[in-house]
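Chain residues, written in single-letter form:
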Amino acid sequence: MMPTGEYDPTLDLPRYQYPTLDLLNDYGQAKAQVTKEELEANKDRIVETLGHYGINIASIKATIGPTVTLYEIVPDAGVRISKIKSLEDDIALSLAALGIRIIAPIPGKGTIGIEVPNAKKEMVSIRSVFNTEKFISTEMDLPIAFGRTITNEVFVVDLAKMPHLLMAGATGQGKSVGLNVILASLIYKRHPSQLKFVLVDPKKVELSIFNKIERHFLAKLPDTEEPIITDTKKVVNTLNSLCMEMDKRYDLLKDAGCRNLKEYNRKFVERRLSPKKGHRYMPFIVLVIDELADLMMTAGKEVETPIARLAQLARAIGIHLIVATQRPSVNVITGIIKANFPCRISFKVTSKIDSRTILDAGGADQLIGQGDMLISQGSDIIRVQCAFIDTPEVDRLCDFVGGQQGYPDAYHLPEVVGESGGGNGDGDDFDAADRDNMFEEAARVIVTHQQGSTSLLQRRLKLGYNRAGRLIDQLEHAGIVGPFEGSKAREVLIPDEYSLEQLLNTLAK
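Residues numbered from 1 in each chain as written. Predicted model: local features only at pLDDT ≥ 70, side-chain atom pairs only at ≥ 80, totals over all residues. Heavy atoms only, no water.

## Considerations on the nonpolar core
Keep this limit in mind: To qualify as a nonpolar core, a set must consist of buried Ala, Val, Leu, Ile, Met, Phe, Trp, Tyr and Cys residues joined through side-chain atoms within 4.5 Å. Exposure is judged per residue with a 1.4 Å probe applied to protein chains only, and the accessible area is read against the type maximum: over 50% gives exposed, under 20% gives buried, and values in between give partly exposed. Per the convention used, a helix needs a DSSP run of H or I reaching at least four residues, while a strand needs a run of E reaching at least two, with both numbered from the N terminus.
By size, the foremost hydrophobic cluster in this structure holds 113 residues, and its most contacted members are Phe146, Phe197, Phe210 and Leu310. Counting residues per element, this core draws most heavily on helix α8 (residues 232-256), at nine residues. With 22 residues, the next largest nonpolar core counts Leu461, Ile480, Val481 and Leu500 among its residues.

This is the structure in structure tokens:
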């Protein structure tokens, strides 16, 4: 018999206190920075410029936002929208603006939008965003309060519904602040028992501040000292470990007869699933990769394959990806990655090509920087001024959480045997008796194709990553392939099949 009464996972840390708004800077009530004179002058200039090209305006109205003001115009009947769109640069010149963006037409309205940067920008503080009814009373599973829209509304989205997020932007345009806003939003709204982060930071300094919350919110591989992953080899192992965690979670969901994590956890909390059968409360896991370009350059397919696999399958079992890069080119954000990230964010980028790569639309090159961003959700593109959170604020938040009683250690992901050697390195691990029964078949595939890669074995022999990696290690020990060389395929040391058969006969004796 199972005990009666509901199980509460938050009782594992009974005295945990949620962070308070006092930890964040109070900049007071934000004031509109656009004067009535500036509004009227801009309206007149827009009407005048369009008039020069024979385009008459039936009406024009303005909506003031924190960074830009949206002027909605209704042209006279018979005016071609494409003609107005082509005058973007001329309107920018007449307004002496940093860069304007024309939305023609605005979705759901019969108007054309012209976004004009304000002469004085208004800073959107993280405290002013968090201290709103919309964020405080949200029922979302993983709420993220990004900032304010053009209409000054707080923009809150649910990461669980996205289900993954791709971020891009040139250096210094607000990506790292954006990641801190995402992490702070989730820490403010979720208990450590309900959420874990896997943080990948090739730059080594951007996310290191979150080390302090290791025993509360972070997940890592067993026997690793640093919870923030900075080494490329460990990144590959961590991604493959997350794939193993995903497969395990799907097995548990299948046994429980549930379709998603929320249903499963509800059943577990109601004590309808037995821990004796391996069932457990499963927290959400959010994987954050701060610089994808560096990983793609150093590890290539080894990183792309597990990321694509997680993006395709991990939604239902509560694993969500947030991937950021400052280089949104097609060899970094490949087609297979893009296809599985329907929600994308772009801060200011340097060219129209980069904007099209990340958003499948132009406009990101016309942003004005410092947290000004476009969010693409399906067919909608929304302009948002990202909230600002300073490093001392993040420091105080992490100190507050880290100073409380936590778990004995970080959340442990499944252990994985990496390609670069999960054995003890002295050869005892690869005795003939311990060899995989597909060892000879794998050796023939490698020598025939003269390509020593794990992915080749996975495709040809229909194996999982771990078994294929183990085979590669055994082939290396047998002298058939060379040592691990980062993203490059291993060198094949046997030139032909005849030489291989001789070697296999020798190994069999």
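## Points about the sheet that holds strand β14 (residues 380-386)
Put simply, the rule reads: Pairing between strands is defined by DSSP: at least two bridges between the two strands are required. Helix axes use the C-alpha atoms of the stretch in contact, all axes being lines fitted to C-alpha atoms, and the angles between their N-to-C directions lie in the range 0 to 180 degrees.
As summarised here, the arrangement of the nine strands in space is β6-β5-β14-β13-β12-β7-β11-β10-β8, forming an open sheet in which the pairing is mixed. What marks the edges here is a single partner per strand, and that holds for β6 (154-158) and β8 (195-200). The average undirected angle you get between the axes of adjacent strands in this sheet is 25°. Summarising the sheet, strand β10 (residues 284-289) and strand β11 (residues 319-325) pair through five bridges and their orientation is parallel.

## Considerations on the packing of helix α15 (residues 439-449) against helix α16 (residues 454-461)
Each pair of packed helices gets described by two things: the angle between the helix axes and the distance between those axes. The condition that has to hold: Note on terminology: angles under 35 degrees are roughly parallel, angles over 145 are roughly antiparallel, angles of 65 to 115 are roughly perpendicular, and the others are oblique. The sense of a crossing depends on the near helix, which, turned anticlockwise from the far helix by less than a right angle, makes the crossing left-handed and, turned clockwise, makes it right-handed. Note on contacts: a residue pair qualifies if any of its non-hydrogen atoms lie within 4.5 Å across the two residues. The nonpolar class holds Ala, Val, Leu, Ile, Met, Phe, Trp, Tyr, Cys and Pro. Asp, Glu, Lys and Arg form the charged class, and all remaining residues, Gly among them, are polar.
The N-to-C vectors of α15 and α16 enclose an angle of 115°; their axes lie 10 Å apart at closest approach. In terms of axis orientation, α15 runs roughly perpendicular to α16. In the packing of α15 onto α16, the handedness of the crossing is right-handed. Facing Glu441, Ala442, Val445, Ile446 and His449 of α15, the residues of α16 in contact are Leu456, Leu457, Arg460 and Leu461. Along the lines of polarity and charge, the residues of the contact of α15 with α16 split into six nonpolar, one polar and two charged.

## Overview of the pairing of strand β7 (residues 165-168)
Neither face of β7 is open: one carries Leu165 and Met167, the other Leu166 and Ala168, and all of them are buried. Bridge count for β7 against β11 is four bridges, and the pairing is parallel. Pairing of leucine 165 across the sheet is with isoleucine 322, part of β11. In this structure, β7 lies alongside strand β12 (residues 343-346), joined through four bridges in parallel fashion. Paired with alanine 168 across the bridge in β12 is serine 346.

## Some details on the packing of aromatic side chains
Note the cut-off: Pairing of aromatic rings covers Phe, Tyr and Trp, the last counted by its six-membered ring, and requires centre-to-centre distances within 6.5 Å; plane angles under 30 degrees mean stacked, over 60 mean edge-to-face, and any other angle means tilted.
A complete count under the given rule lists five aromatic pairs for this structure. Ring centres of tyrosine 16 and tyrosine 18 lie 5.7 Å apart, and the angle between their planes is 70°; on these two criteria the pair is classed as edge-to-face. Between phenylalanine 130 and phenylalanine 135 the ring centres are 4.6 Å apart and the planes differ by 10°, which places this aromatic pair in the stacked class. Like phenylalanine 130, the residue phenylalanine 135 is buried in the burial classification.

## Focus: the side chain of lysine 338
Residue placement: lysine 338 occurs in helix α12 (residues 335-339). For lysine 338, a relative accessible area of 16% translates into the label buried. Ignoring sequence-local partners within four residues, the contact set of lysine 338 consists of Leu166, Ile333, Arg344, Arg356, Thr357 and Asp360.

## Things to note about helix α9 (residues 261-269)
This is how the line gets drawn: Throughout this description, a polar contact denotes any pair of N or O atoms lying within 3.5 Å of each other; where both atoms belong to protein, one of them has to be capable of donating a hydrogen while the other can accept it, and for residues adjacent in sequence the pair is counted only when both atoms sit in side chains.
Residues of α9 that are buried: Leu261, Tyr264, Asn265, Lys267, Phe268 and Val269. Tucked into the core, α9 has its buried residues touching α8 and β10. For α9, the N-terminal cap is asparagine 260; the gap from its side-chain oxygen to the backbone nitrogen of lysine 262 is 3.2 Å. One or two steps after α9, the chain reaches arginine 271, where phi turns positive at roughly 60°.

## Some points on helix α1 (residues 36-52)
Condition: The length a helix should cover is 1.5 Å for every residue beyond the first. Working definition: the arc comes from the directions between the helix axis and the C-beta atoms, pointing outward to the latter.
With 17 residues, α1 should cover 24 Å at 1.5 Å per step; its first-to-last C-alpha distance of 25 Å lies within 8% of that length. Within α1 the residues assigned to the buried category are Glu38, Leu39, Asn42, Lys43, Ile46, Thr49 and Leu50. An end-on view of α1 places all buried positions within 135° of arc, on one side of the element. Facing away from the buried surface of α1 by more than 90 degrees, the exposed residues are Lys36, Glu37, Asp44 and His52. Considering only its buried residues, α1 is in contact with β1 (57-64), β2 (68-75), α2 (81-85), α3 (88-95) and β4 (112-117). Remark: glycine 54 follows α1 within two positions and exhibits a positive phi of approximately 75°.

## Remarks on the side chain of asparagine 240
In this fold, asparagine 240 is placed in helix α8. Looking at asparagine 240, the relative accessible area reads 7%, which means it is buried. In this structure asparagine 240 touches Pro306, Val416 and Tyr465, once residues within four positions along its chain are discounted.

## So, a negative patch on the surface
Heads up, the rule is: Within this analysis, patches are made of residues with over 30% relative accessible area and no salt bridge. Like charges are joined at 9 Å or less; nonpolar side chains (Val, Leu, Ile, Met, Phe, Trp, Tyr) at 5 Å or less. Note on areas: Shrake-Rupley with a 1.4 Å probe; residue coverage comes only from the protein chains shown. Salt-bridge detection follows one rule: a side-chain nitrogen of Lys or Arg within 4 Å of a carboxyl oxygen of Asp or Glu. Only four residue types enter the charge count, namely Lys and Arg as positive and Asp and Glu as negative; His and the chain termini do not. Just so you know, the charge point we use is NZ for Lys, CZ for Arg, CG for Asp and CD for Glu.
A cluster of acidic residues, Glu37, Glu40, Asp44 and Glu48, forms a negative patch on the protein surface. Position of glutamate 40 among the secondary structure elements: in helix α1.

## Description of the environment of isoleucine 333
In this fold, isoleucine 333 is placed in the loop between β11 and α12. By relative accessible area, which is 1% here, isoleucine 333 ends up buried. When residues no more than four places from it in sequence are discounted, the contact partners of isoleucine 333 are Leu166, Thr325, Pro328, Lys338 and Ile358.

## Focus on the sheet that holds β4
Ordered by their spatial adjacency, four strands build an open sheet running β1-β2-β4-β3, and the pairing between neighbours is antiparallel. Sheet topology places β1 and β3 (101-103) at the edges, where each strand pairs with a single neighbour. The average angle at which neighbouring strand axes cross in this sheet is 20°, direction not considered. Of the pairings in the sheet, the one linking β3 to β4 comprises three bridges and is antiparallel in character. The partner of isoleucine 102 across the bridge, within β4, is isoleucine 114. Strand contacts of α1: β1, β2 and β4, with the helix running at about 145° to β1, the strand carrying the most contacts.

Distances and angles like these do not, on their own, reveal function.
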